[in-house]
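# Coordinates in review
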Amino acid sequence: MKKFSFLVYLFVMAIITIIFGVIYGTVQQSYRSGANDPQIQLARDINLKLHEGKAVDSFFADSINIAQSLSPFAVLYDANGKPLRSSGYLNGKLPELPGGVFDYTKTNDEHDVTWQPQSGVRMAMVIVSSNSSSAGFVAAGRSLQEVELREHNLITMIFIGWIICIGLILIYAVIEFYRHRINN
């Protein structure tokens, strides 16, 4: 009779854990990177219009409370990173990003960041280096509230699936252990 080895079951549980981890990582990254898509378009479109000398007033016609709205917003910053104009406001003020964001953007032309200006407010931001006559940087952002809700639901689904798989493996291992014990 062949010897019972719990190591085989541990190895299978490790493989299941890795598979579920990869599934989570892939889907989470898809959610998070997709959260930048509207902002990339908005920031690049405004930057293009600035370089063409066209009016950008239509991008700044709205007044969005970024702490409560899910709408994308745009901000123009000067070459030093001070806000000039914005369609989004936080506590009645123009959004001010940390200076390091602009240093990185100057070097790399574009920067995607997650910005948390205050507790409970997280934004997916895209900053584009403009160097136009009217702005040094163009930024666009939107709330991550819905993306984070999806991520929470994903974690719940992955965890439940993982628990079921590990539970089934453990039940099978226990059955095999007792079957082996009875036969010996």
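Before going into details, it helps to say that this report is about the structure given with it. (Residues numbered from 1 in each chain as written. Predicted model: local features only at pLDDT ≥ 70, side-chain atom pairs only at ≥ 80, totals over all residues. Heavy atoms only, no water.)

## Details of the sheet that holds strand S6 (residues 121-129)
Note the threshold: Any two strands with at least two DSSP bridges between them are considered paired. Helix and strand assignments follow DSSP, with helices taken as H or I runs no shorter than four residues and strands as E runs no shorter than two, numbered in order from the N terminus. Only C-alpha atoms enter the line fits that serve as axes; for helices the fit covers just the stretch in contact. Angles between N-to-C directions range over 0 to 180 degrees. Any pair of residues with heavy atoms lying within 4.5 Å of one another is described as a contacting pair.
The strand order across the open sheet built from five strands is S3-S2-S7-S6-S5, with neighbouring strands paired in antiparallel fashion. Looking at the sheet topology across the chains shown, the edges are occupied by strand S3 (83-86) and strand S5 (110-118). In this sheet, adjacent strand axes meet at a mean angle of 25° when their direction is disregarded. Alignment of strand S2 (residues 73-77) against S3, held across three bridges, turns out to be antiparallel. Considered in S3, the bridge of Tyr 77 is made with Pro 83. Against the sheet, helix H2 (residues 37-51) touches S2, S5, S6 and strand S7 (137-143), its axis set at about 155° to S7.

## Some thoughts on the nonpolar core
Where we set the bar: The criterion is simple. A nonpolar core is a set of buried Ala, Val, Leu, Ile, Met, Phe, Trp, Tyr and Cys residues joined through side-chain atoms within 4.5 Å. Note on classification: 1.4 Å probe, protein chains only; a residue is buried when its accessible area is under 20% of the maximum for its type, exposed when over 50%, partly exposed between these limits.
Of all hydrophobic cores here, the largest spans 17 residues; its most connected members are Leu 97, Met 125 and Ile 127. At the level of elements, S2, helix H3 (99-108), S5, S6 and S7 are the ones that each hand at least two residues to this core. The element best represented in this core is S6, accounting for four residues. The residues contacting Ile 127, other than those within four sequence positions of it, are Leu 97, Val 101, Phe 102, Thr 105, Asp 109, Glu 110, His 111, Val 113, Phe 137, Val 138 and Ala 139. If you look at the next biggest cluster of nonpolar residues, it comprises 14 residues, including Ala 43, Val 56, Val 126 and Ala 135.

## Description of the packing of aromatic side chains
We describe a pair of aromatic rings using the distance from one ring centre to the other and the angle between the two ring planes. Using the following cut-off: What counts as a ring pair is set by centres within 6.5 Å for rings of Phe, Tyr and Trp (its six-membered ring), and what kind of pair is set by the plane angle: stacked under 30 degrees, edge-to-face over 60, tilted for all other angles.
Evaluation of the coordinates by the stated rule reveals six aromatic pairs. Note on Phe 6 and Tyr 9: the rings are 6.3 Å apart at their centroids and 40° apart in plane angle, and the pair reads as tilted. Placement of the pair is Phe 6 and Tyr 9 together in helix H1 (residues 6-34), with a separation of three residues, close to one helical turn. Accessibility expressed as a relative area gives 14% for Tyr 9, which makes it buried.

## Here we look at H3
The following threshold applies: To obtain the arc, one takes the directions from the helix axis to the C-beta atoms.
Burial in H3 covers these residues: Val 101, Phe 102 and Thr 105. In an axial view of H3, the angular spread of the buried residues amounts to 95°, which keeps them on one side of the axis. If you follow the buried residues of H3, they end up packed against S2, S5, S6 and S7. Just downstream of H3 lies Asp 109, where phi reads positive at about 70°.

## Looking at the environment of Ile 163
Inspection of the secondary structure assignment puts Ile 163 in helix H4 (residues 145-183). Distance from Ile 163 to Thr 17, taken between C-alpha atoms, is 9.6 Å for residues 146 residues apart in sequence.

## Topic: the pattern of salt bridges
Where we set the bar: Salt bridge, as used here, is a side-chain nitrogen of Lys or Arg placed within 4 Å of a carboxyl oxygen of Asp or Glu.
Overall, the coordinates contain five salt bridges when judged by the stated rule. Between Glu 52 and Lys 54 there is a salt bridge, with the nearest N and O atoms lying 3.3 Å from each other.

## Overview of H2
At 3.6 residues per turn, the α-helix brings residues three or four places apart onto the same side. Test applied: Given the number of residues in a helix, its expected span is that number minus one, multiplied by 1.5 Å.
Relative to the 21 Å expected for 15 residues at 1.5 Å per residue, H2 spans 21 Å between its end C-alpha atoms, a close match to the ideal helical length. Taken together, the buried positions of H2 are Gln 39, Ile 40, Leu 42, Ala 43, Ile 46, Asn 47 and Leu 50. Positive backbone phi, approximately 75°, marks Gly 53, located one or two places after H2.

## Notes on a nonpolar patch on the surface
Note the following rule: Patch membership is restricted to residues that have no salt bridge and whose relative accessible area is over 30%. Joining uses 9 Å for like charges and 5 Å for the nonpolar side chains Val, Leu, Ile, Met, Phe, Trp and Tyr. Calculation of accessible area relied on Shrake-Rupley with a 1.4 Å probe; when residues are assessed, cover is drawn exclusively from the protein chains displayed.
Among the surface-exposed residues, Phe 159, Ile 160, Ile 163, Ile 164, Leu 168, Ile 171 and Ile 175 lie close enough to one another that they form a single nonpolar patch of about 670 Å² accessible area. In this fold, Ile 164 is placed in helix H4.

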